[in-house]
Amino acid sequence: MKLVTYRDSAAGEGRLGVVQDNMIIDVEKLGHAVGAALPSSMLDLIDLGPDAQAAIGRAMRETAETRPAGIAIHEENARLLAPIPRPRKNIFGIGLNYVEHVAESAKSLDTSRDLPQKPVVFSKPPTAVIANGEAIQHNAAMTRQLDWEVELAVIIGKRATRINKEDAMSHVFGYSVINDVSARDNRRAGQWIFSKGQDSYCPFGPAIVTADEIADPHNLVLWLTKNGEEKQRSNTKHLLFDIPTLIADISSGITLEPGDIIATGTPAGVGAGRDPQEWMWPGDVIECGVEGIGVLRNPVVKIGQ
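For clarity, every value in this text was computed on a predicted model and none was experimentally measured.

S.K.: Run through the pattern of salt bridges, naming residues and quoting values.
M.R.: Under the counting rule described, the total for this entry stands at 18 salt bridges. Put simply, D47 and R88 hold a salt bridge, and the shortest N to O gap is 2.6 Å. Here D47 is found in helix α2 (residues 42-48), whereas its partner R88 is found in the loop between β5 (79-80) and β6 (91-95), with 41 residues between them in sequence. According to the relative accessible area criterion, R88 is partly exposed, its value standing at 48%. One network of salt bridges, in which partners are shared, links K124, D147, E149, D180, R184 and K196.

Here it is, written out as structure tokens:
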């Protein structure tokens, strides 16, 4: 299933929807139509586990021919929020997880030329999350090196504490797209959270596609454009540490919980690695895409003086 959190008007809380044929079907209202209690939010759905997903599937099939009015709206009439508008805790970021990005980072950002022996883990706070269409904030008083990073996001569906790689994929709920926005001139003695965690620095969405719909998450094309010009293009098969390794490594010391998000790293082509270096500025439009999931589009706007 392709799942979104949406509003059908300017006001009100975000609601859980299933995307089908350019329509968004409200999950809770769908449940009412078939006499089933179905969740109204993404986190509630994740918490309920596979049985809830199966119940949504049954309800979709039961109403396929005679879906009552008021259950679905056209995508164009909905405002998409981030799939999880307010994650319960920090997003786990993975640095230097594509070999070519390791090389360009060493050249331009003074990181090691050696491939990491273990995943490089940092985090982005929930307040950094913005939705498809919302603005990446550019504050010239804070940064003049605002950079882009397209990434495959993994959403955890089941609690994971000290699990092994062989069991890791059973803990995945689904996948999405993240732009790991980074202020390169805000790194502090090797600590990345201020560089990567400022408000609006985590565009996320537009949807979550459940794990059963992605045949191989390690063979997905991902790309990024700035004002229509392609800047990044690669494939998740080039991940240095694959998804099972990331889940096993993080859960070895930090419990992963339902709804947690792992941004798996970016390929080469970031602005810092270009010659000459290139940054995001107010007026730019950034689009990030991952095959089978969707395209995340965000303008860059000026804030501050």
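S.K.: If you had to explain the packing of aromatic side chains to someone new, which residues and values would you point to?
M.R.: In total, this model carries 1 aromatic pair according to the counting rule given. The lysine or arginine in question, R188, covers the ring of F194, its NZ or CZ lying 3.9 Å from the ring centre.

S.K.: So what's going on with the pairing of strand β11 (residues 150-156)? Residues and values would help.
M.R.: Of all 7 residues making up β11, 7 are buried, and the element is well covered by its neighbours. Side chains V150, L152, V154 and I156 project from β11 onto one buried face, and the interleaved E151, A153 and I155 project onto a second face that is buried too. Taken together, the 7 bridges between β11 and strand β12 (residues 172-179) define a ladder with antiparallel strand orientation. From the neighbouring strand, V150 faces β12, where its bridge partner is N179.

S.K.: Quick rundown of a nonpolar patch on the surface? Include the residues and the values.
M.R.: A cluster of nonpolar side chains, namely M142, I193 and F194, defines an oily patch on the protein surface of about 230 Å² accessible area. As for its position among the elements, F194 is in helix α6 (residues 193-196).

S.K.: Describe helix α3 (residues 50-62), listing the residues and the values that go with them.
M.R.: The terminal C-alpha atoms of α3, which comprises 13 residues, lie 18 Å apart, in line with the 18 Å expected from a rise of 1.5 Å per residue. Listed as buried for α3 are A52, Q53, A55, I56, G57, A59 and M60. The secondary structure elements touched by the buried residues of α3 are β2 (15-20), β3 (23-26), α1 (27-34), α2, β12 and β14 (202-210).

S.K.: I'd like a rundown of helix α7 (residues 243-251), residues and numbers included.
M.R.: Counting buried positions along α7 gives 8 out of 9 residues, so the element sits mostly inside the fold. Among the residues of α7, those classed as buried are I243, P244, T245, L246, I247, A248, I250 and S251. Where α7 is buried, its residues contact β6, β7 (120-124), β11, α5 (165-168), β12 and β17 (261-263).

Conventions used here
- Residues numbered from 1 in each chain as written.
- Predicted model: local features only at pLDDT ≥ 70, side-chain atom pairs only at ≥ 80, totals over all residues.
- Heavy atoms only, no water.
- Salt bridge = Lys/Arg side-chain N within 4 Å of Asp/Glu carboxyl O.
- Helix = DSSP H or I, 4+ residues; strand = E, 2+ residues; numbered from the N terminus.
- Buried < 20%, exposed > 50% of the residue type's maximum accessible area, 1.4 Å probe, protein only.
- Phe/Tyr/Trp six-rings, centres within 6.5 Å; stacked < 30°, edge-to-face > 60°.
- Lys NZ or Arg CZ within 6 Å of the ring centre and 35° of its normal.
- Pairing = 2+ DSSP bridges.
- Patch = residues over 30% accessible without salt bridge, like charges linked within 9 Å, V, L, I, M, F, W, Y side chains within 5 Å.
- Areas by Shrake-Rupley, 256 points an atom, 1.4 Å probe, with all protein chains shown as cover.
- Expected span 1.5 Å × (residues − 1).
- Contact = heavy atoms within 4.5 Å.

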